[in-house]
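Geometric and topological summary
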Amino acid sequence: MQFEYRRLIEKDYLLHTLDLESKVLQNNPLGDPCLRSHPVLRPLEGYSGLPIVLMLSGYTSFNHKVVNKSSLWHPTVAERLARALARGDIAPAVFVWPSCETKLGGSQYVNSIGSGQYEDYIMKEIIPCVEQRFDCGGEGKRFVVGKSSGGFGALSLVMRNPGFFTGAASHAGDMGFDMSHFRGFADALTCWLKYGGIQSFLEKLPTLTHFGAQEHAGIEAIAMATIYSPNPSSELGFDLPVDPDSGEINHDVFSRWLEFDPLRMVDQEEYANGLRQLSYLYLDAGEEDEFALQWGLKRISKKFASLKIEAHIEYFPGGHFVMDDRWERSLSLMLPC
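Residues numbered from 1 in each chain as written. Predicted model: local features only at pLDDT ≥ 70, side-chain atom pairs only at ≥ 80, totals over all residues. Heavy atoms only, no water.

**Some thoughts on the pattern of salt bridges**
One side chain can pair with another of opposite charge once the charged atoms of both are near each other. Within this structure, the stated rule accounts for 16 salt bridges. The salt bridge partner of D178 is R264, with a shortest N-O separation of 3.5 Å. Taken together, the residues span a long stretch of sequence, with D178 in helix α5 (residues 177-180) and R264 in helix α10 (residues 262-265) at a distance of 86 residues. Of the charged contacts in the structure, one is a salt bridge between K194 and E215, with a shortest N-O distance of 3.0 Å. Note that K194 is positioned in helix α6 (residues 182-194) and E215 in helix α8 (residues 213-228), a separation of 21 residues in sequence. Connected through shared salt-bridge partners, R80, R87, D89 and E328 make up one network. (Salt bridge = Lys/Arg side-chain N within 4 Å of Asp/Glu carboxyl O. Helix = DSSP H or I, 4+ residues; strand = E, 2+ residues; numbered from the N terminus.)

Structure representation (structure tokens):
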């Protein structure tokens, strides 16, 4: 989780890493590193006074992945943004990708006794560090954008910290847990059975040569349980919303998960108020999202109307996994030149 990277893109934009050793992650429950490198994209010069934009990655993404190319022909998100900035499609800003991954795949950017204090890590350490180091951000100049779990993280941070951010965007953000998470429980159950149980699966995970849909569902359910339903007194350290042996749903546990669902959170005035205080709010989802997140977006958009929450909402052709162009779309609207 610590590495060095420095690259000039489009002549005037620098992509590099910023090291930060966390105090709030000391002795975190999963034993994850406290010293991490956070990718930063900024103008090579003249960055003082610019807005700060948090770029929250999806589940299983990580800091190295942000800078690595997955295709010889397709640009990375950082390359896309640098080109959009050079064209004048997006106003200049300092973009930072917080390294909030865990050994189980992700933190959801929330505080949890099961995984660590990742909301505090962002709010109390990463943002102040970047703002001081690059003389950027501050009141009226803080934005947060995320995809998938990162989209959930963007909405969660805004709702839990009203007035702190100016704008937010959620691309296929996790919401409507009663539909999206349930889709993966059957695969998770099959995964745990295939590997001889949850503990055996966790032990074998680092050495697996095949990581398919079942394995992804298996580790995701575990990761979400450490975040949404931790239980230090249980054998595994968390409670599951499904019984690994029978497949029965534990509705008491799942109700704890629903407390984090943006679709449910927005019903509480304190959280709805966090969204109302934004100057700009953008949400989208693919029309064929593999996790049914377009339906969560349809449901929350109805609530926005009744709660008088203004938001720009779009649906685009395609699914969950090929949508890097959506970052350019939201940022060009949120940070127009």
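More follows now that the structure is in view.
**Some remarks on the environment of D245**
If you trace the backbone, D245 turns up in the loop between α8 and α9 (251-258). When its relative accessible area of 76% is taken as the criterion, D245 is described as exposed. As for D245 and A82, which are separated by 163 residues in sequence, their C-alpha atoms are 50 Å apart. (Buried < 20%, exposed > 50% of the residue type's maximum accessible area, 1.4 Å probe, protein only.)

**Concerning helix α3 (residues 118-134)**
Over its 17 residues, α3 runs 22 Å from end to end, which matches the ideal 24 Å to within 8%, given 1.5 Å per residue. Along α3, the helix axis deviates most sharply at I126, where the bend reaches about 30°; the proline P128 sits within four residues downstream. Within α3, 12 of the 17 residues are buried, which leaves the element mostly enclosed by the surrounding structure. Along α3, the positions that sit buried rather than exposed are Y118, E119, D120, Y121, I122, M123, E125, I126, I127, V130, E131 and F134. (Expected span 1.5 Å × (residues − 1). Bend = angle between axes of the 7 residues up to and from the residue.)

**Points about the sheet that holds strand β3 (residues 35-43)**
Across the sheet, nine strands lie side by side as β1-β2-β3-β5-β4-β8-β9-β10-β11; this open sheet has mixed pairing. The two strands at the open ends of the sheet, each matched to only one other strand, are β1 (6-9) and β11 (312-316). Averaged over all adjacent pairs, the angle separating strand axes in this sheet is 20°, with direction ignored. As paired elements, β1 and strand β2 (residues 13-21) share four bridges and run antiparallel to each other. Note on β2: the bridge partner recorded for L8 is L14. Contacts between α3 and the sheet are confined to β2, β3, β4 (52-56), β5 (94-96) and β8 (142-147), with β2 contributing the most and set at about 125° to the helix. Along the sheet, helix α4 (residues 149-160) contacts β4, β8, β9 (167-171) and β10 (280-286); its crossing angle with β8, the most-contacted strand, is approximately 145°. (Pairing = 2+ DSSP bridges. Axes fitted to C-alpha atoms, helices over the stretch in contact; angles between N-to-C directions. Contact = heavy atoms within 4.5 Å.)

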